[in-house]
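# Analysis of the macromolecular model
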Amino acid sequence: MKITEHLENAKSTLFSFEILPPLKGQSLKELLVGIEPLMEFKPPFVDVTYHREEFIYKKHPNGLLEKVSTKKRPGTVGICAAIMNKFHIDAVPHLLCGGFSKEETENALIDLNFIGVENVLALRGDAPKSEGKFVSEHNGHSYASELVEQIIRMNHGRYLHEETEIGFQTDFCVGVAGYPEKHFEAPSMKFDLKYLKEKVENGAEYIVTQMFFDNQKYFDFVEKVRKAGITVPIIPGIKPITTLGQITMLPRTFFLDLPDPLMDELEKCKTNTEVKEVGIEWAIQQCKELVGANAPSLHFYTMSKADTTYKIAKEVF
Ligand code: FAD
């Protein structure tokens, strides 16, 4: 079923979450067993992130360095199939512009359609860690809006090299990312919203937000998005803080602020256990307020660790 149908049919705020494919060489079984307890909260869909290649440098005996491309977390499509098979719920693969030519995107979409995936989250992706700036593949997309456009063209039976009206029509429901605290490359929120609108005009039917820790940021964002004329559902992304390291890592990586009352509590913590307690309690309060405000779904960034999300969901749903 499409995410938009799940949202339309919902009588109250839904529970959903996203997982990361396991690191290469690790088994999927552990991940599936790990997320099983979350099925208690009846998620209608689970997102599976996509991780583009990274470059590593291998040193040869003669001293020369060889640049090697490696994917640390392959397997997004296979995991979607496994989730749908095991839990009989929808799996939403994340699809990136980065690392994909248009042909590769088309082929990935054909595979996803064949295994029964009906929804995709269309993203640009970031630059590989070793490179400073996002650069599109040769014959690839530069922005998520272009990827959305390609998916919608396939929904109309229009493929890259066979522009006929009799091509098989896929029927993907497309989601895109939104940033309550602005995407870090956008010079202003107005600029960012202009391109968010472009993604929706190109056919995106829902938005999932970047994590935020201050609900007011989400409420203000929703207001601005609506004022910009965008009417699709906006699903808030929730990430509980669980380690001391995340207190500095999350703002640095995701370009977001931690509100003062949360920081006041976190600064008292000496161990990860204490941080986790504060993080869970903060997320519970955040979630209760968002449910009270009729958010369409709460979308948890689990980082594939289900125990924290379980504790929060138990208090909220
Ligand atoms: P875009 O919408 O393309 O926007 C990128 C930037 O370009 C923005 O600053 C925007 O304002 C600007 N822009 C857009 N269009 C134009 C234009 N035509 N001209 C000029 N500027 C423009 N990353 C992963 O690698 N894997 C994942 O699985 C993943 N999942 C995510 C899930 C969610 C819910 C979110 C919020 C993010 C996720 N990301 C993931 C991270 C995402 O790939 C990065 O944040 C990336 O930097 C931007 O992606 P986007 O789709 O928002 O890009």
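Right above here is the structure, for reference.
In what follows, the accompanying structure is described. Only a predicted model underlies this, so the values are computations on that prediction, with no experimental measurement involved.

## Quick look at the overall build of the protein chain
Of the regular secondary structure elements, the protein chain holds 11 helices and 10 strands. Since a compact globule built from 317 residues should have a radius of gyration of about 20 Å, the 20 Å found for the protein chain is in line with a globular shape. Dimensions of the protein chain, computed from the C-alpha atoms along their principal axes, are close to 60 × 60 × 45 Å. Here the protein chain holds 317 residues, and the buried ones make up 49% of them. Summarising the internal contacts of the protein chain: among those between residues at least 6 apart in sequence, 74% fall at separations of at least 24.

## So, the packing of helix α7 (residues 215–227) against helix α10 (residues 272–292)
For the pair α7 and α10, interaxial distance at closest approach is 10 Å and the crossing angle is 30°. Compared by their axis directions, α7 and α10 come out roughly parallel. Between α7 and α10, the residues in contact are Asn 215, Tyr 218 and Phe 219 and Gln 286, Glu 289 and Leu 290, respectively. Of the residues in the contact of α7 with α10, the class split is three nonpolar, two polar and one charged.

## Structural notes on the sheet that holds strand β5 (residues 90–96)
Spatial strand order, β1-β2-β5-β6-β7-β8-β9-β10: eight strands in a closed barrel with parallel pairing. With direction set aside, neighbouring strand axes in the sheet form an average angle of 30°. The pairing of strand β6 (residues 119–123) with strand β7 (residues 173–178) spans four bridges and is classified as parallel. Note on β7: the bridge partner recorded for Asn 119 is Cys 173.

## Some words on the site of the ligand
Neighbouring residues of the ligand: 24 residues in total, closest Tyr 50, Asp 126, Tyr 179, Asp 192 and Lys 199. Separating an oxygen atom of the ligand from a side-chain N or O atom of His 94 is a distance of 2.8 Å. In the model, an oxygen atom of the ligand is placed 2.9 Å from a nitrogen or oxygen of the Ala 144 main chain. Taking 980 Å² as the accessible area of the ligand by itself, protein coverage stands at 88%. Elements represented by at least two residues in the shell around the ligand include exactly β5, β6, α6 (189–201) and β8 (206–211). Per-element accounting of the shell around the ligand gives the leading share, five residues, to α6. Split by residue class, the shell around the ligand holds 13 nonpolar, five polar and six charged.

## Thoughts on the environment of Ile 284
Tracing the backbone shows Ile 284 in helix α10. A relative accessible area of 6% places Ile 284 in the buried class. In the structure, Ile 284 is positioned 46 residues away from Ile 238 in sequence and 10.0 Å away in space, judged by C-alpha atoms. When near neighbours in sequence (up to four residues on either side) are disregarded, Ile 284 contacts Lys 311, Ile 312, Glu 315 and Val 316.

Quick notes on the rules
- Residues numbered from 1 in each chain as written.
- Predicted model: local features only at pLDDT ≥ 70, side-chain atom pairs only at ≥ 80, totals over all residues.
- Heavy atoms only, no water.
- Helix = DSSP H or I, 4+ residues; strand = E, 2+ residues; numbered from the N terminus.
- Rg over C-alpha atoms; globule rule 2.2 N^0.38 Å.
- Buried < 20%, exposed > 50% of the residue type's maximum accessible area, 1.4 Å probe, protein only.
- Contact = heavy atoms within 4.5 Å.
- Axes fitted to C-alpha atoms, helices over the stretch in contact; angles between N-to-C directions.
- Parallel < 35°, antiparallel > 145°, perpendicular 65-115°, else oblique.
- Nonpolar A, V, L, I, M, F, W, Y, C, P; charged D, E, K, R; others polar.
- Pairing = 2+ DSSP bridges.
- Near = heavy atom within 4 Å.
- Polar contact = N/O pair within 3.5 Å; in protein donor to acceptor, adjacent residues only side chain to side chain.
- Areas by Shrake-Rupley, 256 points an atom, 1.4 Å probe, with all protein chains shown as cover.

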